[in-house]
Amino acid sequence: MSDKAAEVFLRTPETDPSSGRHPEPAPVRRTRARLALAAICGAMLLAMMGLTVADVLGRYLLGAPITGATELTEMMLAAVIFLGLPAVSLDRDHVTVDIVTEHLPARLQPWRELLAALVSAAMLSVVGWRIWVYAGQIAGYGGATNSLRLPIAPLGYLAAACCALGAVFTLYAALRGLRRK
């Protein structure tokens, strides 16, 4: 294969200037808030892992599983997922599919990103609102876990607050990106 053929063969939309593909946005600087959220989520994941290992070892080696280990793991997992929303929103790292939108002209890309951010923020706001309402219902009847009797409503309020923060951060990141263009 000639050098010219190899160059064409190895060309990808990211490296081919004639592909019409727009370059990826510059990486967002990791903020302290994002790093703090990541550290909290990492610590919770490590705690989940340690709890699961201890529960399995206790169950199979000692015949004594940890009471409520499943409940704690479920609650920590929900917290990790919802705490991740604001972190992902700060970095503009939401999963995107750009099959059609990547072919839009470069001058429309910032506006497309703003529209996507508005829709994402609206969806996060609705989800957060509904979770808040549901958490209020759970708090009203004193909903708690089965084994440990831990209240469930605070986790719901945390999830709702994280959705709201995610919506605010999504808009902030989009407007910040629009100003840079």
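Scroll up to find the structure this text is about.
What comes next concerns the included structure. As the structure is a computational prediction, the values presented were derived from the model and not from experiment. (Residues numbered from 1 in each chain as written. Predicted model: local features only at pLDDT ≥ 70, side-chain atom pairs only at ≥ 80, totals over all residues. Heavy atoms only, no water.)

### Considering the nonpolar core
Within soluble globular proteins, side chains that are nonpolar generally end up buried alongside one another.
Thinking step 1. By size, the foremost hydrophobic cluster in this structure holds 12 residues: Leu37, Cys41, Met44, Met48, Leu51, Ala69, Met76, Ala79, Val80, Leu83, Ala87 and Cys162.
Thinking step 2. Those elements that place two or more of their residues in this core are α2 (32-61) and α3 (69-91).
Thinking step 3. Among all residues touching Ala79, those that are not within four sequence positions of it are Met44, Leu155 and Leu158.
Thinking step 4. In this structure, Leu85, Ala121, Leu124 and Cys163 belong to the second largest nonpolar core, which totals five residues. (Core = buried A, V, L, I, M, F, W, Y, C linked by side-chain atoms within 4.5 Å. Buried < 20%, exposed > 50% of the residue type's maximum accessible area, 1.4 Å probe, protein only. Helix = DSSP H or I, 4+ residues; strand = E, 2+ residues; numbered from the N terminus. Contact = heavy atoms within 4.5 Å.)

### Observations regarding the packing of aromatic side chains
Thinking step 1. One pass over the full model with this rule turns up one aromatic pair.
Thinking step 2. Taking the ring centre of Trp129 as reference, the NZ or CZ of Arg130 above it sits at 4.8 Å. (Phe/Tyr/Trp six-rings, centres within 6.5 Å; stacked < 30°, edge-to-face > 60°. Lys NZ or Arg CZ within 6 Å of the ring centre and 35° of its normal.)

### Concerning the pattern of salt bridges
Thinking step 1. A complete count under the given rule lists two salt bridges for this structure.
Thinking step 2. Among the salt bridges present, the one from Arg59 reaches Asp55, with a minimum N-O distance of 3.1 Å. Placement of the pair is Arg59 and Asp55 together in helix α2, with a separation of four residues, close to one helical turn.
Thinking step 3. Relative accessible area serves as the criterion here: at 9%, Asp55 is assigned to the buried category.
Thinking step 4. Here Glu113 and Arg112 are joined by a salt bridge, their closest N and O atoms 3.7 Å apart. (Salt bridge = Lys/Arg side-chain N within 4 Å of Asp/Glu carboxyl O.)

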